[in-house]
Amino acid sequence: AQSVSQHNHHVILSEAASLELGCNYSYGGTVNLFWYVQYPGQHLQLLLKYFSGDPLVKGIKGFEAEFIKSKFSFNLRKPSVQWSDTAEYFCAVTRGNAGNNRKLIWGLGTSLAVNP
Amino acid sequence: EAGVAQSPRYKIIEKRQSVAFWCNPISGHATLYWYQQILGQGPKLLIQFQNNGVVDDSQLPKDRFSAERLKGVDSTLKIQPAKLEDSAVYLCASSLGQTYNEQFFGPGTRLTVL
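Residues numbered from 1 in each chain as written. Chains lettered and ligands numbered in written order. Predicted model: local features only at pLDDT ≥ 70, side-chain atom pairs only at ≥ 80, totals over all residues. Heavy atoms only, no water.

Chemist: Break down the pairing of strand S12 (residues 110–115) of chain A for me, with residues and values.
Modeler: All names here are of chain A. Judged by which residues are buried, S12 turns out to be one-sided: Thr110, Leu112 and Val114 face inward and are buried, whereas Ser111, Ala113 and Asn115, on the alternate face, are not. Pairing of strand S10 (residues 87–95) with S12 involves three bridges; the strand directions are antiparallel. Bridging across to S12, Glu88 finds its partner in Ser111. (Buried < 20%, exposed > 50% of the residue type's maximum accessible area, 1.4 Å probe, protein only. Helix = DSSP H or I, 4+ residues; strand = E, 2+ residues; numbered from the N terminus. Pairing = 2+ DSSP bridges.)

Chemist: Explain unusual backbone geometry to me, and be specific about the residues and the numbers.
Modeler: At the junction of Ser7 of chain B and Pro8 of chain B, the peptide bond is cis and its omega measures out at -10° in the coordinates. You can see Pro8 of chain B is positioned in the loop between strand S1 (5–7) and strand S2 (10–13). Cis peptide bonds are those with omega within 30 degrees of zero, and the linkage from Gln80 of chain B to Pro81 of chain B qualifies with -5°. Looking at the element boundaries, Pro81 of chain B is found in the loop between strand S8 (75–79) and strand S9 (88–95). Of note in this structure, Lys61 of chain A is not a glycine but carries a positive phi near 60°. Residue position: Lys61 of chain A is located in the loop between strand S7 (56–58) and strand S8 (64–68).

Chemist: Describe the layout of surface pockets, and please don't skip the residues or the numbers.
Modeler: Volume-wise, the largest pocket comes out at about 590 Å³. Elements with a minimum of two residues in the lining of the largest pocket: S10 and S12 of chain A together with S9 and strand S11 (109–113) of chain B. Grouping the constituent residues of the lining of the largest pocket by class yields 13 nonpolar, twelve polar and three charged. Quantified by volume, the second largest pocket comes out at close to 230 Å³. Forming the walls of the second largest pocket are 15 residues, and the residues nearest its centre are Trp106 of chain A together with Pro43, Lys44, Leu45 and Gln59 of chain B. Of all the secondary structure elements, the ones that give two or more residues to the lining of the second largest pocket are strand S11 (105–106) of chain A together with strand S5 (44–50) of chain B. For the lining of the second largest pocket, the per-class residue count stands at seven nonpolar, six polar and two charged. (1 Å grid on protein atoms, 1.4 Å probe; cavity = no way out; pocket = protein on both sides within 12 Å on 5 of 7 lines; lining within 4 Å. Points joined across faces, edges and corners; volume = space filled by probe spheres on them. Nonpolar A, V, L, I, M, F, W, Y, C, P; charged D, E, K, R; others polar.)

This is the structure:
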């Protein structure tokens, strides 16, 4: 069965540190890839997505992610984190050619705490 | 544009009681999703509607969970009877269509079963 693995469950950084959160998926075909973020007390919201084209995707708030097909990975990065980036981050994958039912498969999430 | 609305925001019940959650998706969104998110885990899809038809309910525990979207707009999710392991946040999301469009999430309902 298709699965999504997020390697880091809890990450603690100081402001201005660089961030990289790992995400690997198990499906071998065409995939669509997403990172969602949930700030404390707020809704889940889309951070960025990859469907096709340039494997380096830029999202909101200075985040970016790189799709490396050979490694089945879609790692999230930010060169310099801020206290306001404290949140839960979820990687999610859907099969690109699954017809009408493109169910999102979610990772367990990574809790990021940024110390001021 | 108004977001996805859910109510109630919090609910505490005893096991074997019944509970219902309500969701109003973003206007014009044909696809509606109910997720269960247990603490420390990612969201798990319970059921997906396309208008008022069910697209996927493969992970819905049908012996106790039911959901409907009668007029293709708002939706209710019911648990009857509740078990301790149903304690979770229930998220509703909507998107324009099934072929992937961004899903927009509501604030969720936090259910505690005692």
